[in-house]
Amino acid sequence: MEDNSSPNPKRRRGIYLLPNLFTTAALFAGFYAITAALNQRFELAAISIFVAMILDGMDGRVARMTNTQSAFGAEYDSMADMISFGAAPALVVYIWSLSTLGKLGWVAAFVHTAGGALRLARFNTQIATADKRYFQGLPSPSAAAILAGFVWFSVDQGLSGETMRYIALGLSIATGLAMVSNFRYYSFKDVDLRGRVPFVNAIFVMLIFAVLFSNPPLVLFLFFGAYALSGPALTLALLKRRRGERRA
């Protein structure tokens, strides 16, 4: 009788659909932000970047909940992040404001884009050894949120890109450098969203939403700006604690 079994069975080809749908949607939101900026619809462009952030946060959680993590999904997510949080915010702020500064403007936009690319590459190479509690360097979605929030707030207040160009210049360079810095940022990955919490926490969450919806562009810009500043503060605190432990 002939044995049709093979010692090296073929691997099943294909990808997991559900988490990659969220990644594709995040990629689309980032691409749409660029097209909206080209059409001078800067408020919509900024909002699209925040939509990409939400979708980007969901694809990983969906993959873990459904046990559909894959190497392809991780690489695809990085490519989508590069578009949505590296190129898109840089192009939006360039078209809106930095283009009035000539060469200096596109250099600043490139600093943010290059910082996003380097940040993602470093994250992918250190993912197996890095401390899950902290990010090394400002996460690219947070850096994108600073630029998007700034554009959204300025447009909402009737401020032109030319008027705000030097602030846009400083923010673009600062976010690019923060992404490749060695500052530690709290990752919030150890927060248990499924466990029971005191009732007062629900009231606190409602207050957060109330503040957010009172003025979304300003609140989002200030929140992510504060998060960017928390990195240097946290890094100094960790260094101080380590020095104290060594002396002890």
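Up top is the structure.
Residues numbered from 1 in each chain as written. Predicted model: local features only at pLDDT ≥ 70, side-chain atom pairs only at ≥ 80, totals over all residues. Heavy atoms only, no water.

## Section: unusual backbone geometry
Apart from glycine, the bulk of residues carry a negative phi angle, and the bulk of peptide bonds sit in the trans form.
Here comes step 1: Of note, the phi angle at Gln40 is positive, near 65 degrees, even though the residue is not glycine.
Here comes step 2: Position of Gln40 among the secondary structure elements: in the loop between helix H1 (17-38) and helix H2 (42-65). (Helix = DSSP H or I, 4+ residues; strand = E, 2+ residues; numbered from the N terminus.)

## A short note on the side chain of Thr175
Here comes step 1: For Thr175, the location among the structural elements is in helix H6 (residues 165-179).
Here comes step 2: The class of Thr175 is buried, set by a relative accessible area of 4%.
Here comes step 3: Those residues in contact with Thr175 that lie beyond four places of it in its chain are His112, Ala143, Ile146 and Leu147. (Buried < 20%, exposed > 50% of the residue type's maximum accessible area, 1.4 Å probe, protein only. Contact = heavy atoms within 4.5 Å.)

## Some remarks on the packing of aromatic side chains
Here comes step 1: As enumerated under the stated definition, the model contains 12 aromatic pairs in all.
Here comes step 2: For the pair Tyr185 and Tyr227, a centre-to-centre distance of 5.4 Å together with 45 degrees between the ring planes defines the contact as tilted. Of the two residues, Tyr185 is situated in strand S2 (residues 184-186) and Tyr227 in helix H8 (residues 216-247); the sequence distance between them amounts to 42 residues.
Here comes step 3: On the accessibility criterion, Tyr227 (11% relative accessible area) is buried.
Here comes step 4: Ring-pair connections join several aromatic residues into one group, and the members of that group are Tyr134, Tyr185, Tyr186, Phe188 and Tyr227. (Phe/Tyr/Trp six-rings, centres within 6.5 Å; stacked < 30°, edge-to-face > 60°.)

## Considering a nonpolar patch on the surface
Here comes step 1: Where nonpolar side chains cluster on the molecular surface, the patch consists of Leu118, Ile173, Leu177 and Val180 and spans about 330 Å² of accessible area.
Here comes step 2: Take Leu118: it is sitting in helix H4 (residues 103-126).
Here comes step 3: With relative accessibility at 54%, the residue Leu118 sits in the exposed group. (Patch = residues over 30% accessible without salt bridge, like charges linked within 9 Å, V, L, I, M, F, W, Y side chains within 5 Å. Areas by Shrake-Rupley, 256 points an atom, 1.4 Å probe, with all protein chains shown as cover. Salt bridge = Lys/Arg side-chain N within 4 Å of Asp/Glu carboxyl O.)

## Digging into the packing of helix H3 (residues 71-96) against H4
Here comes step 1: Taken N-terminus to C-terminus, the directions of H3 and H4 make an angle of 165 degrees; their axes are 9 Å apart at the nearest point. Judged on the interaxial angle alone, H4 and H3 are roughly antiparallel. The hand of the H3/H4 crossing is right-handed. Along its contact with H3, which presents Ser78, Asp81, Met82, Phe85, Gly86, Ala87, Pro89, Ala90 and Tyr94, the element H4 presents Gly105, Trp106, Ala109, His112, Thr113, Gly116, Ala117, Leu120 and Asn124.
Here comes step 2: Broken down by class, the residue content of the contact of H3 with H4 amounts to 10 nonpolar, 7 polar and 1 charged. (Axes fitted to C-alpha atoms, helices over the stretch in contact; angles between N-to-C directions. Parallel < 35°, antiparallel > 145°, perpendicular 65-115°, else oblique. Left-handed = near helix turned anticlockwise from the far one by under 90°. Nonpolar A, V, L, I, M, F, W, Y, C, P; charged D, E, K, R; others polar.)

## Observations concerning H4
Here comes step 1: Compared with an ideal rise of 1.5 Å per residue, which puts 24 residues at 34 Å, H4 spans 34 Å between its outermost C-alpha atoms and is within 8% of the ideal.
Here comes step 2: Regarding H4, the residues found buried are Gly105, Ala108, Ala109, His112, Thr113, Gly115, Gly116, Arg119, Leu120 and Arg122. (Expected span 1.5 Å × (residues − 1).)

## Brief notes about the nonpolar core
Here comes step 1: Core analysis: the biggest nonpolar cluster contains 43 residues, and Phe50, Leu98 and Leu138 have the highest contact counts within it.
Here comes step 2: Of all the secondary structure elements, the ones that give two or more residues to this core are H1, H2, H3, H4, helix H5 (140-156), H6 and H8.
Here comes step 3: If we skip the residues at most four places from it in the chain, Leu98 touches Val93, Gly105, Ala108, Ala109, Arg165, Ala168, Leu169 and Ser172. (Core = buried A, V, L, I, M, F, W, Y, C linked by side-chain atoms within 4.5 Å.)

## Observations concerning the environment of Arg64
Here comes step 1: Counting through the fold element by element, Arg64 comes out in helix H2.
Here comes step 2: On the basis of relative accessibility, which here comes to 54%, the residue Arg64 falls in the exposed class.
Here comes step 3: As for Arg64 and Gly225, which are separated by 161 residues in sequence, their C-alpha atoms are 29 Å apart.

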